[in-house]
Every structure is written in C-alpha cells, then in structure tokens.
Amino acid sequence: MFVGEVVGRLWAARRAEALEGTKLLLVRPLAASGAPTSRLIVAADALDAGPGDRVLVARGSRVRDVTLGAGVATKDVVVGIVDELALEARP
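Everything numeric here is computed off the predicted structure, so don't read it as measured data. (Residues numbered from 1 in each chain as written. Predicted model: local features only at pLDDT ≥ 70, side-chain atom pairs only at ≥ 80, totals over all residues. Heavy atoms only, no water.)

1. What about the packing of aromatic side chains?
- Summed over all chains, the structure comprises zero aromatic pairs.
- Between the NZ or CZ atom of R9 and the centre of the ring of W11, over which it lies, the distance is 4.2 Å. (Phe/Tyr/Trp six-rings, centres within 6.5 Å; stacked < 30°, edge-to-face > 60°. Lys NZ or Arg CZ within 6 Å of the ring centre and 35° of its normal.)

2. Considerations on the pattern of salt bridges
- The full count for this structure, using the stated rule, is three salt bridges.
- Between D45 and K23 there is a salt bridge whose closest N-O contact spans 3.5 Å. With D45 in strand β3 (residues 41–45) and K23 in strand β2 (residues 23–29), this residue pair connects regions lying 22 residues apart in the sequence.
- Here K23 falls in the buried class, since its relative accessible area comes to 13%.
- Note that D48 is salt-bridged to K23, the shortest N-O span being 3.0 Å. Taken together, the positions of D48 in the loop between β3 and β4 (54–59) and K23 in strand β2 put the pair 25 residues apart, joining distant regions of the chain. (Salt bridge = Lys/Arg side-chain N within 4 Å of Asp/Glu carboxyl O. Helix = DSSP H or I, 4+ residues; strand = E, 2+ residues; numbered from the N terminus. Buried < 20%, exposed > 50% of the residue type's maximum accessible area, 1.4 Å probe, protein only.)

3. As for the sheet that holds β2
- Pairing in this closed barrel of five strands is mixed, and the strands run β1-β2-β3-β5-β4 around the ring. Adjacent strand axes in the sheet meet at a mean angle of 55 degrees, parallel and antiparallel pairs treated alike.
- Bridge count for strand β1 (residues 2–10) against β4 is four bridges, and the pairing is antiparallel. Pairing of F2 across the sheet is with V57, part of β4. (Pairing = 2+ DSSP bridges. Axes fitted to C-alpha atoms, helices over the stretch in contact; angles between N-to-C directions.)

4. Considering the pairing of β1
- Here six bridges tie β1 to β2, and the two strands are oriented antiparallel to one another. Paired with E5 across the two strands is R28, which belongs to β2.

5. Considering the environment of I81
- Summarising the element assignment, I81 is placed in strand β5 (residues 76–82).
- The residues touching I81, leaving out its near neighbours within four places in the chain, are L47, D48, A49, D53, R54 and V55. (Contact = heavy atoms within 4.5 Å.)

6. Some thoughts on unusual backbone geometry
- A positive phi angle, close to 65 degrees, is found at D48, a residue other than glycine.
- The class of D48 is exposed, set by a relative accessible area of 63%.

7. Digging into the environment of A43
- Its location among the elements puts A43 in strand β3.
- In this structure the C-alpha to C-alpha distance between A43 and L25, which are 18 residues apart in sequence, comes to 5.3 Å.
- Excluding residues within four positions of it along the chain, A43 makes contact with K23, L24, L25, V27, V57, D76, V77 and V78.

8. A short note on the side chain of T22
- On the secondary structure map, T22 appears in the loop between β1 and β2.
- Take T22: its relative accessible area is 12%, and that puts it in the buried class.
- With sequence-adjacent residues up to four places away left out, T22 is seen in contact with R15, A44 and D45.

Take a look at the structure:
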C-alpha cells in the first residue's frame, strides 16, 4: 500500500471490457517524507477521487478481487481518500 496524490485522470476511447465503467486515475506516490516521487501509477477508482486528492492505493490481486472483481485487469486500486496526513520525524 502507498499514499499518493491524484494528478489526473486517464481517458481511453477503448478499453478492456472488464474495465468498462471503472474510472482510472494517474497517481503520483509520495515518499516517506511526504514529498512526491517522479513515478506515476494508474489506479482503478470506485471512490470518486479527483485531482489534488491524496489517496491510499492498495496493490495486489487479492485487493482487486475483493473491491472490483477478479475480471478487472489492474492490481492498483484506490481504497481510501486521505483526509489528513501527519508525518513524524524520526531521530
């Protein structure tokens, strides 16, 4: 699992049948310091997150199976919208 920031939405004129009706988001993972990384992840979203939202993304086929169903062709799923994030400094 990781916390990331939604930076956009992925639009596709054609997509796999199992993804019909599923919103795809571009998510930039946050480092442990809270700073954005340079990577981008495409995650399926059923929670209606949008650009600027911080989200909790779970990765793996078990998460996908429980949330979206085994037929969906992705393993990154938005499972929460983060209201507040507090990072504690380590010594």
